[in-house]
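Examining the three-dimensional arrangement
Spelled out, the chains give:
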Amino acid sequence: MTSHEDEYLLYQVASLYYEQNRTQEQIGAELHFTRWKVGRLLSEARDAGIVRIEVVHPKARMRDLEERLRDVFGLRDAVVVAADQSDDERLRARVAEAGAEYLARLQPAPRQLGVSWGRTLDLLAARLQYGWADGVHVVQINGGLSRSRTPTSAQDMAGRIAHLARGTLSVLPVPSIVEKEATRRLLEEDSAVVDVLTQAASADTVLFSPGGIGADSVLVGSGYLTADDLAGLAAAGAVGDVAGRFIDARGAIVDPSLDDRTLGLPLDHLRSAAVSVAVVSGTAKHAVCAAVVSSGLCNTLVTDHHTATRLLDTAAADRR
């Protein structure tokens, strides 16, 4: 087939089969073809390059994308896993598993590990094996006490990571965001809080997963913010949060007054950590991932190949 009309037919059949999940019998009935002709058209669509089929191992790493990310963004390291067309939760689980495997292979192993909290890190912790390291001290880098009736998993997650590393744990027993700046200042004067934040600041490795700006944010679920609050932050230029602190596309704090009520490690400590690992996946986090990588908030990225490709395409467009 060579005409535009014939090429459009190949595209139409391929779209119905591969994108709309129609059977060959259904396509034949709709277009008045036999099932065998539909099969032949699908074969011709592959030969013509209209359809490209790639068989990807679910744990496969995309080494070429990893190398390009390191080169373009000056990253210390990158892990990119293949992503199929599965839903966001399956993709999140796959990237979290890659993050757990990376953490367990990290050399030298962390001695003091600062951790944030959230759904991705919950999944990562669940995929670590007992003995992934030996004697790691885990410390929370931001508050995680819930303000809603649904508790956060912050302390459980950090405790699991420490237990599986045959290590020790320091928790930050405060909310992530309080109502007044004065309250934050008083809490940060407490000796127990000072001690944990001092430990967090000296962590040789920091592990976090940036949050998106959607209403499914864990900060909304935990009662710290409302969906309207997030909408206002987005309107002000926020692309997401890192350890509870909302940033714009340049990695700068969007709302200083909100940040003044946020308890935890300042973001500059993430930029200066020897190893700062961001674990991130999904279309909803493309913008915050770009901000984290381009502003140096992480020097190690664990992500999926769609996110990695988007980062590289955006960087290439910015250079033009």
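Here the structure is shown first, and the text comes after it.
Presented here is an overview of the structure given in this document. For clarity, every value in this text was computed on a predicted model and none was experimentally measured.

A few points about the overall build of the protein
For the protein, the helix and strand inventory stands at 15 helices and nine strands. Referenced to the eigenvectors of the C-alpha coordinate spread, the extents of the protein come out at roughly 75 × 45 × 45 Å. Split into buried and exposed, the 320 residues of the protein put 48% on the buried side. Considering only intrachain contacts with a sequence separation of at least 6, the fraction spanning at least 24 residues in the protein is 70%. Of the roughly 15700 Å² that the protein leaves accessible, carbon and sulfur atoms contribute 50%.

A short note on the packing of aromatic side chains
Within a pair of aromatic rings, the relevant descriptors are the distance that separates the centres and the angle that separates the planes. What the rule picks out here adds up to two aromatic pairs. Judged by centre distance (6.4 Å) and plane angle (40°), the ring pair of Tyr8 and Tyr11 falls under tilted. Taken together, the positions of Tyr8 and Tyr11, both in helix H1 (residues 4-19) and three residues apart, correspond to about one turn of that helix. With a centroid separation of 4.9 Å and an interplanar angle of 90°, the aromatic rings of Tyr17 and Tyr18 are classed as edge-to-face. Classification of Tyr17 as partly exposed rests on a relative accessible area of 28%. Owing to a relative accessible area of 33%, Tyr18 belongs among the partly exposed residues under this scheme.

About the criteria used
Each chain has its residues counted from 1, running along the sequence as written. Side-chain atom pairs in this predicted model are given and counted only at pLDDT of 80 or more, local residue features only at pLDDT of at least 70, and totals for whole chains, interfaces and linings cover all residues. Hydrogens and water molecules were not included; the side-chain quantities draw on all heavy atoms of the structure. The way it works is that DSSP assigns letters per residue, a run of H or I at least four long becomes a helix, a run of E at least two long becomes a strand, and they are numbered from the N terminus. Each residue is assigned to one of three classes by its accessible area relative to the maximum for its type, calculated with a 1.4 Å probe on protein chains only: buried under 20%, partly exposed between the two thresholds, exposed over 50%. Contacts were defined at the residue level, with two residues in contact if any of their heavy atoms lie within 4.5 Å. Only the protein chains shown count as cover for residues, with accessible areas throughout obtained via the Shrake-Rupley method and a probe of 1.4 Å. The pairing test for Phe, Tyr and Trp rings, Trp by its six-membered ring, is centres within 6.5 Å, and the orientation test on the planes gives stacked under 30 degrees, edge-to-face over 60, and tilted for anything in between.

The values are spatial; any link to function lies outside them.
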